[in-house]
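Overview (structure and organization)
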Amino acid sequence: MSLTVVGSVALDTVETPSGRNEEGLGGAAVFFSLAAANYTPVNLVGVVGTDFPARHVELLRKKGINLDGLERVEGRTFRWAGRYHEDLNQRDTLDTQLNVFEHFHPKLPQAAREAEYLFLGNIHPALQMEVLEQTRPKFIALDTMNLWINATRDDLVKVLKHVDALIINDSEVYDLTGERNLVRGARAIQEMGPRIIAPKKGEHGCLLFVEDRMFSAPALPMEHVIDPTGAGDTFAGGFMGYIAQKDSTDFDTLRRAVIHGSVVASYTCEKFGPERLAEIDLNDIAQRYADFVELARF
Ligand code: AMP
């Protein structure tokens, strides 16, 4: 089954204890698409400026990602800059330049409209709603961030009513519900609409709440993490890509989808930006999936 993602396409400047990557390929929709394309056909909907390097477009195209929905408009591409602490769970955003993203209104080409699975990346909830008005997917997942939870809560609550799965950071569960306890927080979000909640806990893995059932997945303990930027979006891409491939959202499929999300996210952390993610294939995924099975089996 095909999958559409709407979200940011960016040039990221990232500093980590391992080094610095200046204006590299980034953006939530990029990490998501590169991960999901291992599993299923992906339509990327987003916007870039005239300065967006052709080699990045070529890389996405080579991976088989449908770019009919990637608009190129006059102006500069969205830019984001961040610096990680020694503790890679801590990150400061140094700069956000919306540029062409400021006036972005997603226009979905036919293939993107017809996809059965939809991922609404972390953008203004009013824009997420504009996407919903153009589509009738059978399964919708959404990501958001504290900015939208705090500044545009009413719009977000409206979109959540239509959403099947919410994939967010664990701290955002608190921002959204006021609940410090993840179980109670997830239950409170289920009252808002989504039946599936996947709170990500960075290097500590991910939880999955499906109606009244729970699953806990570890993250792969890694000796060298070079750059965790986009790991969350990569996780979402692996998760959604897998369920779109299986065309199923039963509990067992969702549990395996969480492991696939964790597998691809671990690759993203091995190099700056999506460089490592773009190199992997199904063999790499199968190998690391086996590592996860071994890691969590008892
Ligand atoms: P993550 O590490 O999963 O939080 O994702 C980082 C990616 O999100 C980077 O590639 C950024 O370009 C992108 N990003 C950062 N801030 C925003 C924003 N306000 N809206 C959309 N995308 C963003």
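As a reminder, the structure under discussion sits directly above these lines.
This report concerns the structure included in the present document. (Residues numbered from 1 in each chain as written. Predicted model: local features only at pLDDT ≥ 70, side-chain atom pairs only at ≥ 80, totals over all residues. Heavy atoms only, no water.)

Now for the nonpolar core. Counting residues in each nonpolar core, the largest one holds 60 residues, and the members touching the most others are L44, L208, F239 and M240. Here this core gets nine residues from one element, more than from any other, and that element is helix α10 (residues 251–268). Residues within four places of M240 in sequence aside, it is in contact with L3, F32, Y117, L118, F119, F139 and A141. In this structure, V6, I149, V159 and L207 belong to the second largest nonpolar core, which totals 39 residues. (Core = buried A, V, L, I, M, F, W, Y, C linked by side-chain atoms within 4.5 Å. Buried < 20%, exposed > 50% of the residue type's maximum accessible area, 1.4 Å probe, protein only. Helix = DSSP H or I, 4+ residues; strand = E, 2+ residues; numbered from the N terminus. Contact = heavy atoms within 4.5 Å.)

A word on the sheet that holds strand β8 (residues 117–120). The strands making up a sheet are joined through hydrogen bonds of the backbone, oriented either antiparallel or parallel. If you trace the nine strands from one edge of the open sheet to the other, you get β5-β4-β1-β8-β9-β10-β11-β12-β13, paired in mixed fashion. If you trace the sheet from one side to the other, it starts and ends with β5 (66–73) and β13 (213–217), each paired once. On average, adjacent strands in this sheet sit at an angle of 15° to one another, irrespective of strand direction. Strand direction decides the pairing type here: strand β1 (residues 3–6) and β8, joined by four bridges, are parallel. Bridging across to β8, T4 finds its partner in L118. Here helix α9 (residues 231–246) sits on the sheet in contact with β1, β8, β9 (139–142), β10 (165–169), β11 (196–200) and β12 (206–210), set at roughly 170° to β8. (Pairing = 2+ DSSP bridges. Axes fitted to C-alpha atoms, helices over the stretch in contact; angles between N-to-C directions.)

A few words on helix α7 (residues 170–177). Taken as a whole, α7 has its buried residues at E172, V173 and L176. Take α7 and look down its axis: the buried residues cluster within an arc of 115°, on one side only. Buried residues along α7 sit in contact with α5 (146–151), α6 (153–160), β10, α8 (182–192) and β11. G178 sits one or two positions beyond α7 and adopts a positive phi of about 75°. (Arc of directions from axis to C-beta.)

Right, let's get into helix α1 (residues 28–36). Among the nine residues that make up α1, nine are buried, leaving the element largely enclosed by the rest of the structure. Among the residues of α1, those classed as buried are A28, A29, V30, F31, F32, S33, L34, A35 and A36.

The next point concerns the side chain of E172. Its location among the elements puts E172 in helix α7. Although E172 is buried, it forms no salt bridge, and the closest oppositely charged side chain is K200 at an N-O distance of 6.0 Å. With sequence-adjacent residues up to four places away left out, E172 is seen in contact with T144, M145, N146 and I149. (Lys, Arg positive; Asp, Glu negative; His and termini not counted. Salt bridge = Lys/Arg side-chain N within 4 Å of Asp/Glu carboxyl O.)

Time to look at the packing of aromatic side chains. All chains considered together, the criterion is met by six aromatic pairs. Aromatic pair F101 and F104: ring centres 5.6 Å apart, planes at 15°, arrangement stacked. Taking the relative accessible area as the measure of exposure, F104 reaches 4% and is therefore buried. Seen in terms of ring centroids, Y117 and F139 are 5.9 Å apart; in terms of plane orientation they differ by 40°. Their pairing is tilted. Of this pair, Y117 sits in strand β8 while F139 sits in strand β9, and the two are 22 residues apart along the sequence. As far as burial versus exposure is concerned, Y117 and F139 are alike and both buried. (Phe/Tyr/Trp six-rings, centres within 6.5 Å; stacked < 30°, edge-to-face > 60°.)

Before going further, it helps to spend a moment on the layout of surface pockets. Considering only enclosed or pocket space, the second largest pocket measures out at about 240 Å³ in volume. Forming the boundary of the second largest pocket are N21, G24, L25, R55, H56, L59, F272, G273, P274, E275 and A278. Elements supplying a minimum of two residues to the lining of the second largest pocket: β3 (19–26), α2 (54–62) and α11 (275–279). (1 Å grid on protein atoms, 1.4 Å probe; cavity = no way out; pocket = protein on both sides within 12 Å on 5 of 7 lines; lining within 4 Å. Points joined across faces, edges and corners; volume = space filled by probe spheres on them.)

Strand order in the open sheet formed by four strands is β3-β2-β6-β7, and the pairing between neighbours is mixed. The sheet is open, and its two edges are formed by β3 and β7 (91–97), each paired on a single side. Here the strands of the sheet are splayed against their neighbours by 15° on average, with no regard to which way each runs. Of the strand pairs in this sheet, strand β2 (residues 10–16) and strand β6 (residues 79–84) are connected by five bridges, and their pairing is parallel. When the sheet's bridge partners are listed, L11 is paired in β6 with R79.

Any two side chains of opposite charge can pair, given that their charged atoms come close. For the structure on display, the rule yields 16 salt bridges. Of the charged contacts, one joins E15 and R20 as a salt bridge, the two residues approaching to 2.8 Å between their closest N and O atoms. Between K107 and E71 there is a salt bridge; the shortest N-O distance is 3.5 Å. Separated by 36 residues along the polypeptide, K107 in the loop between β7 and α3 (110–114) and E71 in strand β5 bring together distant segments of the chain. Sharing partners across several salt bridges, the network here consists of E270, K271, E275, R276, E279 and R288.

Further remarks concern the site of the ligand. Lining the immediate environment of the ligand, one finds 16 residues, of which S8, D12, G27, R91 and G230 sit closest. R91 places a side-chain nitrogen or oxygen 2.9 Å from an oxygen atom of the ligand. Within the contact set of the ligand, an oxygen atom lies 2.9 Å away from a side-chain nitrogen or oxygen of D233. Against a free-state accessible area of 510 Å², the protein chains account for coverage of 86% of the ligand. Those elements giving two or more residues to the shell around the ligand turn out to be β2 and α9. When grouped by side-chain class, the residues that make up the shell around the ligand number six nonpolar, seven polar and three charged. (Near = heavy atom within 4 Å. Polar contact = N/O pair within 3.5 Å; in protein donor to acceptor, adjacent residues only side chain to side chain. Areas by Shrake-Rupley, 256 points an atom, 1.4 Å probe, with all protein chains shown as cover. Nonpolar A, V, L, I, M, F, W, Y, C, P; charged D, E, K, R; others polar.)

What is shown is where atoms sit, not what they do.
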